[in-house]
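Structural description and commentary
Here is how the chains run, residue by residue.
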Amino acid sequence: MNLAEFSIRNRVLSFIVIALAIAGGWSAYQDMPRFEDPEFTIRTAMIITQYPGATPLEVAQEVTEPLERALQQLAEVDDIESTSVPGRSEIMVNIKYAFSPTKAELQLIWTKVRNKVADAALSLPPGVGAPYVNDDFGDVYGLYYFLTGPGFTPAELRRYAKSLQSDLLQVDGVAKVQVDGALNEAIFVEISQSDVASLGVAPGSIYQTLENQNTVVSAGELDIGTQRLAVRPSGAIDSVEAIRNLLIDTSSDGRLIYLSDVAHVWRGYQTPPAKLYRFNGEPAVAIGVSGILGGNIVQIGAAVEDRLQDIAKRRPVGMQLHQFYNQAEEVDAAVSNFVVNVIAALAIVIGTLLIFMGFKSAIVIGSVLLLTIAATLATMQFMDIPMHRISLGALIIALGMMVDNAIVVTEGILVGVQRGAAKLEIAKQIVSQTQWPLLGGTLVGIIAFAPIGFAPGDTAEYTGHLFWVILISLLYSWLFAVTLTPFFCDLLFREASGDSTGQSADSGFTQAYKSLLSRALSARKTVVLVVVAMFVASVWGFQFVKAGFFPQSTSPQMVVDYWLPQGTRIEQTQSDADAIEEFVRGLEGVVAVETSIGAGGLRYMLVYGPESNNSAYAQLLVRTGSYQQIDDLITRVQSHIDARYPDAQGKVWRFVLGPGGGSKIEARFSGPEPDVLRRLADQAKAIMVADGGAISIKDNWRQQLPSVRPLYSEAKGRRAGVSRTDLASAIASNFSGATVGVYREGDDLLPIIARAPLDERKSVADIENVQVLSSATGESVPISQVVDGFKTTWDNGALKRLDRIWTIKAQSDPVPGQLASDLLERIQDDIESIELPPGYSLTWDGEYGNSKESNENLASTIPFGFLAMVLVVVVLFGTVRQPVAIWLAVPLALIGVVIGLLVTGIPMEFMAILGLLSLSGLLIKNAIVLIDQIDMEIATGLPRFTAVVAASASRVRPVMMGTLTTVLGVIPLFYDAFFQSMAVVIVFGLTFATVLTLFIVPVIYCLLFGIGEGEVSHES
């Protein structure tokens, strides 16, 4: 009993399978997690180490180098990128994909990283802070809000934001709530040197008093009868006024000296602020909410919104919570849009079947298709594959392929019934004849997508679900084709009538195809030459196809990156950013503008990478009414920045759909000497400037910074009892302030910062008036008694290394409307012609480097995929010549692909490469069905030439229908930016290649087997 007979005879079981598939699919659709884009793991941690007072070179040599050396001992580390800036080391550790395919395995590696860093920290020099390992670097806060309140102080905004954070953390499914950009308060004690000197008060005693007065200390315990009581002295500081009234000394005449006698004490905000936010022109605090891993973000978003509605009445009147980005709404809209695309594709496929195969056949195939989709959704939920752009797109791609198997079986049963065969017998016969060829073709179609499923790297991880969804859906399509398709045919088709002739006349289309094929077989060498010429022409034409990586996002957002010269005060950056924000908000189509100054914002999308802290940097995130308005806005904003801010570098851009980020063009120079690298980068930047088509031209070391260097005299210092540390501390206390204690207020700890009054630190000349406190004698001396003068020097603003080698990147982006590949093509030769000294190298990063890495990762698995496909075909036929005939037809796909990409002007993006791989599977599947039928016809004793023509004619409708449904099914993807290039490749490539395959495969078969036009006998 074969599968067809089993399913027909066991109707109850078949109906149960149908019911389970429908119920499982519907349940999965309702409950399975939903995301806009696939989750891919960011395998990066940031290690931050403070080294106050050190130059970038000192940081690199004394802090970054020892930590890098320790980290490189870990086999799991892929590469190490470090940035050394004044007083701080930042190390980005990237982990190899092979060691961390899951987040659970990645967490174990972070533990090893922490241990290595902790061990290396023991050898760091004095004055270096404890390294901080941030492995939450890749957390995504998909619910992104901004809190504003005109008339409220920053402290009031901060307090309400912290209260909101506590409330939202109680919502089911919420993992983290991050409050960012809140200004931190401090107690400032501004000590006048003249008052201290006149009253004879030692600054050291002031600092000691402030430090001790509010420290929590144990006063012990005492026994009273049967109880033991704790002793807690009073006297802790509980107000700013209490700080002012602290007794710090007694004068020589016995008068009490209070802190207010020598210092101005006030409460304010720490300066300069590290980061500032604005939302639609108002100062703001950012609040980001992230969901638990694998949670349904749509449900989490709804729960958060409900919670916000519940607590809205507790919000102070005048404060507003603005929603900038809601991943739940974006996902719901994206999934709904994809579902519409799936339904549209489904309708197209079923409509096509109705037209070309009749009502009953269309009902059979359409029912099997719906069941295949339902079973696929149920299995996706079981395998923890959520709904997102890739998985739903894979369903659309697979729709046409899913019906291929059912078409072949339905067509065979229909033709058999029309010729007078009994339904059960013809169903058994067709399934017996086709089940293994169809399985072989299905496996080949699956394996064609396997390279993306097993390739390493972020890009393959991002698109990896494409393979698994296609694997699930195509396996179900084969299973249901050989079980439920005969079952539905038995239910719907009428039994053969007694007057059936046993033969059905060929249609006009079939007769025309036979005639053309016979002519092609007669002129087989000419046909081969013509096809080869077309293939050669397509190879030549491929050079005109544009190159790309991932397409631009259709999200209605654009980004403005704004850089002032390195070292610019954050107040100046804020002033420029405010003016740019005002201009942008006045443009038509702009809905909301979020501005972050001093750093990037919270990572609210997986494809958004925030910029590290830098006072010279600002970023505007702009939401528009629709993504179609963005191109015009980008041009206008870019022109405005270029014209109004000549000293700044601006870049206006939009997100891409997939991994990537940073500048589109990056020429990376590596070598042993920083000065030489900076010179090489300057030469590359000059070439970019000369091109005229590049913007945001810079290098990632930024500009050099001036610094004031007091020339400490060791001899003078020894005489005065002043060390170099004393000198540095005195200058820091005077200008930046020194933390000398803490003020407790609830769960907040406000630092008490001692510094000079504004009139003693308002200009660089005031450094000459600094009094230096000797740690040895406790006396203060003028700075002039311990220095030989002052000198201005220029230092690098930042030094970067990759795997412990100095590395600098010359960066730029194409002007709006241009492709990065076009700009690279113009400047690549000139930059590569820069003469590199021995020991120096040039490597291309940016979009070209990302694309190259992704393609190399994909290429690492392609040979295994092709080998598997070859083995499947060879095993299926058990010979060599049939597989050769099949594989010789595969390259023909390139003809249609090149035509399609050139006609539409769409670049050859990463998804187009996947489409090219899938084409090979589709063509092999068609060729398998065709050649298997030829072999069967010959095996019945037909003359071989006649058998080739008859078999090809009998398979032309299933092959054409399979192609037509696949091509029409992916048409909705033409309107999806992410899948557009793949859709073009499949539609044009499959259409041209199928037409050619129907002629070239029989021609190659005849050439390989030596079948002559007049041959009438079967040769063994």
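A brief report on the enclosed structure follows. (Residues numbered from 1 in each chain as written. Predicted model: local features only at pLDDT ≥ 70, side-chain atom pairs only at ≥ 80, totals over all residues. Heavy atoms only, no water.)

Before going further, it helps to spend a moment on the overall build of the protein chain. Helix and strand counts for the protein chain come out as 33 helices and 30 strands. C-alpha atoms of the protein chain, sized along the principal axes, occupy 135 × 80 × 55 Å. Of all 1020 residues assigned to the protein chain, the portion counted as buried reaches 54%. For the protein chain, long-range pairs separated by at least 24 residues make up 81% of all intrachain contacts whose partners lie at least 6 apart in sequence. Accessible surface computed for the protein chain: about 43,600 Å², of which carbon and sulfur atoms make up 56%. Within the protein chain, one finds 73 positive and 102 negative side-chain charges whose respective centroids are separated by 4 Å. (Helix = DSSP H or I, 4+ residues; strand = E, 2+ residues; numbered from the N terminus. Buried < 20%, exposed > 50% of the residue type's maximum accessible area, 1.4 Å probe, protein only. Contact = heavy atoms within 4.5 Å. Areas by Shrake-Rupley, 256 points an atom, 1.4 Å probe, with all protein chains shown as cover. Lys, Arg positive; Asp, Glu negative; His and termini not counted. Charge placed at Lys NZ, Arg CZ, Asp CG, Glu CD.)

Here helix α26 (residues 820–832) spans 17 Å end to end across 13 residues, near enough to the 18 Å set by a 1.5 Å rise per residue. R826 marks where α26 bends most, by close to 35 degrees. Three or more residues of α26 are buried, namely A820, S821, L823, L824, I827, Q828 and I831. Buried residues along α26 sit against β20 (665–671), α23 (674–691), β21 (694–699), β29 (805–814), β30 (841–845) and α27 (846–859). (Expected span 1.5 Å × (residues − 1). Bend = angle between axes of the 7 residues up to and from the residue.)

In spatial order, the strands read β12-β7-β24-β23; together these 4 strands make up an open sheet with mixed pairing. Either end of the sheet is taken by a strand with one partner, and the two such strands are β12 (263–269) and β23 (738–745). This sheet shows a mean twist of 25 degrees between the axes of neighbouring strands, independent of strand direction. Bridge count between β23 and strand β24 (residues 748–755): 7 bridges; the pairing is antiparallel. When the sheet's bridge partners are listed, E745 is paired in β24 with D748. (Pairing = 2+ DSSP bridges. Axes fitted to C-alpha atoms, helices over the stretch in contact; angles between N-to-C directions.)

So, on to the pattern of salt bridges. Applying the stated criterion across every chain, the model contains 37 salt bridges. With a shortest N-O distance of 2.9 Å, R9 and E5 are connected by a salt bridge. Here R9 pairs with E5, and both are found in helix α1 (residues 3–9), just 4 residues apart, close to one helical turn. What makes E5 buried here is its relative accessible area of 11%. When salt bridges with common partners are traced through the structure, they connect E65, E68, R69, R801 and R804 into a single cluster. (Salt bridge = Lys/Arg side-chain N within 4 Å of Asp/Glu carboxyl O.)

It is the contact of helix α2 (residues 11–31) with helix α12 (residues 359–382), at a shortest axis distance of 7 Å, that shows an interaxial angle of 55 degrees. The angle between the axes of α2 and α12 places the two elements in the oblique class. Crossing geometry of α2 relative to α12 is assigned as left-handed. Counted together, I18, A21, I22, G24, G25, S27, A28, Y29 and D31 of α2 and L371, A374, A375, L377, A378 and Q381 of α12 form the full contact between these two elements. Of the residues belonging to the contact of α2 with α12, the class tally is 10 nonpolar, 4 polar and 1 charged. (Parallel < 35°, antiparallel > 145°, perpendicular 65-115°, else oblique. Left-handed = near helix turned anticlockwise from the far one by under 90°. Nonpolar A, V, L, I, M, F, W, Y, C, P; charged D, E, K, R; others polar.)

What follows deals with the environment of G142. If you trace the backbone, G142 turns up in the loop between β4 (132–134) and β5 (143–148). Remark: the alpha-carbon pair of G142 and D747, spanning 605 residues in sequence, is separated by 28 Å. If sequence neighbours within four positions are ignored, G142 has contacts with V289, Y325, N326, Q327 and Y604.

Position of D748 among the secondary structure elements: in strand β24. Classification of D748 as buried rests on a relative accessible area of 18%. At 3.3 Å, the side chain of D748 forms a polar contact with the side chain of R158. Setting aside residues no more than four positions away along its own chain, D748 makes contact with R158 and Y743. (Polar contact = N/O pair within 3.5 Å; in protein donor to acceptor, adjacent residues only side chain to side chain.)

With that settled, the discussion passes to the nonpolar core. Counting residues in each nonpolar core, the largest one holds 139 residues, and the members touching the most others are V304, I397 and L466. If you tally residues by element for this core, the top one is helix α13 (residues 389–418), at 18 residues. Among all residues touching V304, those that are not within four sequence positions of it are L143, Y145, L168, V171, V174 and V289. Within the second largest apolar cluster, 45 residues are counted, among which are A448, V872, I934 and F1009. (Core = buried A, V, L, I, M, F, W, Y, C linked by side-chain atoms within 4.5 Å.)

As for its position among the elements, A263 is in strand β12. Residue class for A263 comes out buried when judged on its relative accessible area of 10%. Taking C-alpha positions, A263 is 6.0 Å from V189, a pair spaced 74 residues apart along the chain. Excluding anything up to four places from it in sequence, A263 contacts V189, E190 and I191.

Attention now goes to the packing of aromatic side chains. If you walk through the whole model with that rule in mind, you get 25 aromatic pairs. Ring geometry for Y144 versus Y604: centroids 5.2 Å apart, planes at 20 degrees, classification stacked. Of this pair, Y144 sits in strand β5 while Y604 sits in the loop between β17 (590–597) and β18 (617–624), and the two are 460 residues apart along the sequence. Note on accessibility: Y144 and Y604 belong to one class, buried. The interplanar angle of 80 degrees and the centroid separation of 6.5 Å between the aromatic rings of Y604 and F655 together place this pair among those described as edge-to-face. In this pair, Y604 is assigned in the loop between β17 and β18 and F655 in the loop between β19 (649–653) and β20, connecting sequence segments 51 residues apart. For F655, a relative accessible area of 2% gives the class buried. The rings of Y144, F146, Y277, F279, F324, Y325, Y604, Y608, W653 and F655 are connected pair by pair, giving a single aromatic cluster. Positioned above the aromatic ring of F324 is the side chain of R623, whose terminal nitrogen or guanidinium carbon lies 6.0 Å from the ring centre. R801 extends its terminal NZ or CZ atom over the ring of W806, reaching a point 5.1 Å from the ring centre. (Phe/Tyr/Trp six-rings, centres within 6.5 Å; stacked < 30°, edge-to-face > 60°. Lys NZ or Arg CZ within 6 Å of the ring centre and 35° of its normal.)

Where nonpolar side chains cluster on the molecular surface, the patch consists of F15, L354, I355, F356, F359, I363, L491 and L492 and spans about 760 Å² of accessible area. Where the nonpolar patch is concerned, the elements lending two or more residues are α11 (327–357), α12 and α18 (484–492). No other element matches α11, which puts 3 residues into the nonpolar patch. You can see I355 is positioned in helix α11. Classification of I355 by relative accessible area gives exposed; the value is 67%. (Patch = residues over 30% accessible without salt bridge, like charges linked within 9 Å, V, L, I, M, F, W, Y side chains within 5 Å.)

In this model, T271 is joined to P272 through a cis peptide bond whose omega is -10 degrees. Note that P272 resides in the loop between β12 and β13 (276–279). In this structure, R702 takes a positive phi of about 60 degrees despite not being glycine. Positionally, R702 belongs in the loop between β21 and β22 (705–712). A positive phi angle is found at D803, which is not glycine, with a value near 55 degrees.

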